[in-house]
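Structure assessment
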Amino acid sequence: PGTTPGFPPPPPSYIPPAPTTTVQPHGIDIVLGAQWGDEGKGKLVDILSQEYDVCARVAGGSNAGHTIIANGRKYKFHLVPSGILNESAVCIIGNGVVVHLPSFLEELKSLELAGVKYEGRIKLSDRAHIVFDFHQEIDGRQETGLGRNKIGTTKKGIGPAYASKISRNGLRVGDLRDMDYFEERFRMLCASQMASNEGLVIDVEKELDYYRKIAQHVSNMTTDTIEYTNQAYREGKKILVEGANATMLDIDFGTYPYVTSSNPSIGSVLTGLGVSPRKLNGIYGTVKAYCTRVGEGPFPTELEDKPGSTGEFLRSNGYEFGTTTGRPRRCGWLDIPQMKFSTSINGFTSLNLTKLDVLTGLPELKIGVKYTIKGKDIDTMPANLKVMTSDDFKVEYETLPGWTEDISQISKFEDLPPNAQKYVLRVQELIGVPIRWIGVGPNRLDVVDRGPGWDVVEQTLK
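In short, a report on the structure. (Residues numbered from 1 in each chain as written. Predicted model: local features only at pLDDT ≥ 70, side-chain atom pairs only at ≥ 80, totals over all residues. Heavy atoms only, no water.)

So, the packing of aromatic side chains
As a reminder of what qualifies: Any two rings among Phe, Tyr and Trp, with Trp reduced to its six-membered ring, count as a pair given centres within 6.5 Å; such a pair is stacked if its planes are under 30 degrees apart, edge-to-face if over 60, and tilted if neither. Put simply, DSSP marks the helices as runs of H or I at least four residues long and the strands as runs of E at least two long, and each gets a number from the N terminus on. The cut-offs for exposure are 20% and 50% of the maximum accessible area for each residue type, with area from a 1.4 Å probe on protein chains only; residues under the lower value are buried, those over the upper are exposed, and the others partly exposed. The rule is short: NZ of Lys or CZ of Arg within 6 Å of the ring centre and within 35 degrees of the ring normal puts a charge over the ring.
Under the criterion given, the structure shown has 14 aromatic pairs. Note on Tyr 371 and Phe 393: the rings are 5.0 Å apart at their centroids and 55° apart in plane angle, and the pair reads as tilted. Taken together, the residues span a long stretch of sequence, with Tyr 371 in strand β16 (residues 364-373) and Phe 393 in strand β18 (residues 393-401) at a distance of 22 residues. Relative accessible area serves as the criterion here: at 1%, Tyr 371 is assigned to the buried category. One aromatic cluster is present, built from ring pairs that chain together Phe 132, Phe 134, Phe 182, Phe 186, Tyr 210 and Tyr 211. When the ring centre of Phe 413 is taken as reference, the NZ or CZ atom of Arg 450 above it lies at 4.4 Å. Cation over ring: Arg 450 sits above Trp 454, and NZ or CZ is 3.6 Å from the ring centre.

See below:
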């Protein structure tokens, strides 16, 4: 064979592979949270998953929560991908997820009671680490011990489970296939945790008895999800990743230490599913038409939530209470510097703007467009939280007119009230990413889809 300019000639023994007929892979599409979580990712996943063969979770654990309203019924998901509502989709819980098995099995039971048939459609990674009850107890103890400096954790044991993983004394779901091995390592882990956490008592025999009882049931759902996912990709199957939490809660990129214990940004798709970056396709950032945060930590555009305030209006109209904890969410205006930061990290190809309907009725809307400190512009999200909480730190806003018309039944962008259109287009302009989906109501079909032309990937493919 000939040589390629700039590259050395192939070795004499090199034999070019014979031409083969291969399936054209679709690529892996991803739905990610672009703010501080609770953006409404699950609703888009639910809509999209009807067209996908495989849906996957890749990071976090039962600290995540997605609520879907379908056919008049409300479904709450914590570990199982919400794509399970598509009866023909296979759902993967990837190696990057940490799994509290009692919660997982309870979630499956609730799905079964709701008439959702999941048997044979859930693939649990043999490499996913297990969250034990004592991880949850440790999580609660640590949070309580922080006092007024608390992080705002869900106390689901996620951080301590990841700590066990990084300390290399954790147990994985696949270990349940060999109970002798599981028991040996579990006893070692319990001894280590009780020695490190004064007053912690673990009933080791009771715990082992429970895991012996569920081992076969769990093992029946356990597989090598890395091989399964890559084989599905090679076969041309459509794969959708359902992100949990959000970029501003990322352990590396978020407002540390007020973050989660995993990487809910684009990188977790690679490490939590076991695929190469060359296999990624559409990256869909989900962003509310305003902004919310649950738990502690800085929130630059936060509004007061006193009775009669705009913050209270957003919380009440948007029903802003956590799916996992029920905690009231803090509410504020849309934050463009934060969204630009999130976009830089994730490379969104299009955006899903949710809950536009919640803004209906406000006489004017504000968008946070710039951060300044001591009058000087800040070009990115500060890593030091003291900067963001300083009296010298300010947010500059643009003000746009609101609308009063009901938009919940609208299905076309051009049918939205003129001021609603102006708001969407201004947000799109400021972030620099096309907005394809616009949420106009709480139900699964209350979405305006502007079509595949509003996706950088689709435009490139043309």
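Points about the sheet that holds strand β20 (residues 447-449)
Filter applied, for reference: Pairing between strands requires that DSSP locate at least two bridges from one strand to the other. Contacts are assigned to residue pairs that have any heavy atoms within 4.5 Å of one another. Only the contacting stretch of a helix is used when fitting its axis, a line to C-alpha atoms as for every element, and angles between N-to-C directions run 0 to 180 degrees.
Taken in spatial order, the ten strands make up an open sheet running β9-β7-β5-β2-β10-β1-β11-β15-β19-β20, and their pairing is mixed. This sheet does not close on itself; its edge strands, each paired only once, are β9 (222-223) and β20. This element, helix α1 (residues 41-49), spans β1 (28-33), β2 (54-57), β10 (239-242), β11 (280-288), β15 (350-354), β19 (435-439) and β20 of the sheet and lies at about 160° to β1. Across the sheet, helix α7 (residues 225-234) touches β1, β2, β5 (90-93), β7 (122-125), β9 and β10, and the angle it forms with β5 is around 140°.

Some remarks on helix α6 (residues 204-221)
Going by this rule: Each helix should span, by expectation, one fewer than its residue count multiplied by 1.5 Å. One axis fitted to the seven residues ending at a residue, another fitted to the seven starting there: the angle between these axes is the bend at that residue.
The end-to-end C-alpha distance of α6, which contains 18 residues, comes to 25 Å, matching closely the 26 Å that a straight helix rising 1.5 Å per residue would cover. Of all the bends in α6, the greatest measures close to 45° and is centred on Ala 215. For α6, the complete set of buried residues consists of Val 204, Glu 207, Leu 208, Tyr 211, Ile 214, Ala 215, Val 218, Ser 219 and Met 221. Against the buried residues of α6 lie α2 (101-113), β7, β8 (129-130), α3 (133-145), α5 (179-196) and β9.

What to know about the pattern of salt bridges
Worth spelling out the cut-off: A carboxyl oxygen of Asp or Glu within 4 Å of a side-chain nitrogen of Lys or Arg is what we treat as a salt bridge.
This structure, assessed with the given rule, holds 23 salt bridges. We note a salt bridge from Glu 320 to Arg 329, for which the minimum N-O separation is 2.7 Å. The burial state of Glu 320 is the same as that of Arg 329; both residues are buried. A network of salt bridges, in which partner residues are shared, links Asp 38, Lys 288, Glu 320, Arg 329 and Lys 355.

Here we look at the side chain of Arg 436
Residue position: Arg 436 is located in strand β19. Excluding its chain neighbours within four sequence positions, the residues that come into contact with Arg 436 are Ser 350, Leu 351, Val 448, Asp 449, Arg 450, Gly 451, Pro 452, Trp 454 and Asp 455.

A closer look at the nonpolar core
Stated formally: To define a nonpolar core, start from buried Ala, Val, Leu, Ile, Met, Phe, Trp, Tyr and Cys residues and group those joined through side-chain atoms within 4.5 Å.
Membership of the largest hydrophobic core comes to 54 residues, with the highest contact counts inside it found for Ile 84, Leu 101 and Phe 104. At seven residues, α6 tops the list of elements feeding residues into this core. Residues in contact with Leu 101, not counting those within four places in the same chain, are Leu 124, Ile 130, Val 131, Leu 176, Tyr 210, Tyr 211, Ile 214 and Val 218. Ranked by size, the runner-up nonpolar core spans 53 residues in total, among them Ile 92, Ile 239, Val 287 and Trp 403.

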